[in-house]
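What follows is the residue order along each chain.
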Amino acid sequence: MTWLPFASYNLWSLFAPAVGQENWHCDMKRGFTKARGKETAIAQILKQDNIPQRIGHLAQRGVYEFHQDHSMLNCSNAVQTIAETLQLNQEKEEVQERVRLILRKYQENPILKDKHIIHLTRGDEGFPQPIQIQQGNYLFNLYAAIDCIFTEDDILYILDFKTGKTDFDLRQGFVYLLAVSYLYPKLPAIASFYNLETGKWSKPISATVSQLKAVQTEIAQIAKKHQHDLQRYRRNIEAFNQIFPPNPGIQCQYCQFKSVCSFSKIEVTA
């Protein structure tokens, strides 16, 4: 397979903060993740889920298990059965409690019940198949890790599951709409987010052809800029913190890379 530059919502979020998250954004995370991810210490960190990530992955898997056998939705011991499948007893207590609550809530309100599901992931499949996109004379791969797609009245509904206090990021919805415009070009599509812990829905997200073209242009630029940064880093690895500048502050205490990032040790003034 021919190598191509790539883009994804994840890369976009590492490149530029979501609205309201500017103070928390640190470009050095992109450097650790995408430029130094194969270094032993960094690779070990990337293999480990933090608690929010672990809850998110297990919640997604729980929804998947409910829909592998629809009788589970009406089964009195379904939560316990799925908890055993997920081996929840091997997780931290907070993870166990929150995932069990998510499973109970989903069984009480199974939002995918009776839907014509054409795509539902477990959440641990790894990278999805790339979508090759031609933007002018620039060719790149788009990766879109969509949780669920179902159809209703010849409309595609893209659903992304959330947990915790994560805000919905419209950019993710637009990237997914761009992806399905290539995967299912004949069908109109609507994207939305659903928080499995709070039961909160986002507003439906749709996009015109011109909006999708704008998203494609933006994400192609991100792919180019990211490859440019990687090339700069490979030519001069000593310039890591200039190419991927840190944003040290109180947010460092929550950063997965704090053990390998010298900038996280900088004291923050009150």
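Here, the structure is the one placed above.
Residues numbered from 1 in each chain as written. Predicted model: local features only at pLDDT ≥ 70, side-chain atom pairs only at ≥ 80, totals over all residues. Heavy atoms only, no water.

A. How the structure looks around the side chain of glutamate 197. Take glutamate 197: it is sitting in the loop between β7 (189–195) and α8 (209–235). The buried category is assigned to glutamate 197, whose relative accessible area is 14%. Those residues in contact with glutamate 197 that lie beyond four places of it in its chain are Arg98, Ile102, Lys105, Lys162, Thr163 and Gly164. (Helix = DSSP H or I, 4+ residues; strand = E, 2+ residues; numbered from the N terminus. Buried < 20%, exposed > 50% of the residue type's maximum accessible area, 1.4 Å probe, protein only. Contact = heavy atoms within 4.5 Å.)

B. Representation of a nonpolar patch on the surface in the model. On the surface, a nonpolar cluster with roughly 380 Å² of combined accessible area is contributed by Trp24, Ile250 and Tyr254. Its location among the elements puts tyrosine 254 in the segment after α9 (240–243). (Patch = residues over 30% accessible without salt bridge, like charges linked within 9 Å, V, L, I, M, F, W, Y side chains within 5 Å. Areas by Shrake-Rupley, 256 points an atom, 1.4 Å probe, with all protein chains shown as cover. Salt bridge = Lys/Arg side-chain N within 4 Å of Asp/Glu carboxyl O.)

C. Structural view of the pattern of salt bridges. Tallied over the full model, the rule gives 13 salt bridges. Between glutamate 152 and lysine 115 there is a salt bridge whose closest N-O contact spans 3.1 Å. With glutamate 152 in strand β5 (residues 148–152) and lysine 115 in the loop between α6 (93–108) and β2 (116–120), the pair connects residues that are 37 residues apart, well separated along the chain. Under the relative-accessibility criterion, glutamate 152 is labelled partly exposed at 34%.

D. Structural detail: the packing of aromatic side chains. For the structure shown, the criterion picks out 13 aromatic pairs. Seen from their ring centres, tryptophan 24 and tyrosine 254 are 6.1 Å apart, and the 40° between their planes marks the pair as tilted. You can see tryptophan 24 sitting in the loop between α1 (9–15) and α2 (28–35) and its partner tyrosine 254 sitting in the segment after α9, a full 230 residues away along the chain. Overall, tryptophan 24 belongs to the partly exposed group, its relative accessible area being 42%. For tyrosine 254, a relative accessible area of 58% translates into the label exposed. (Phe/Tyr/Trp six-rings, centres within 6.5 Å; stacked < 30°, edge-to-face > 60°.)

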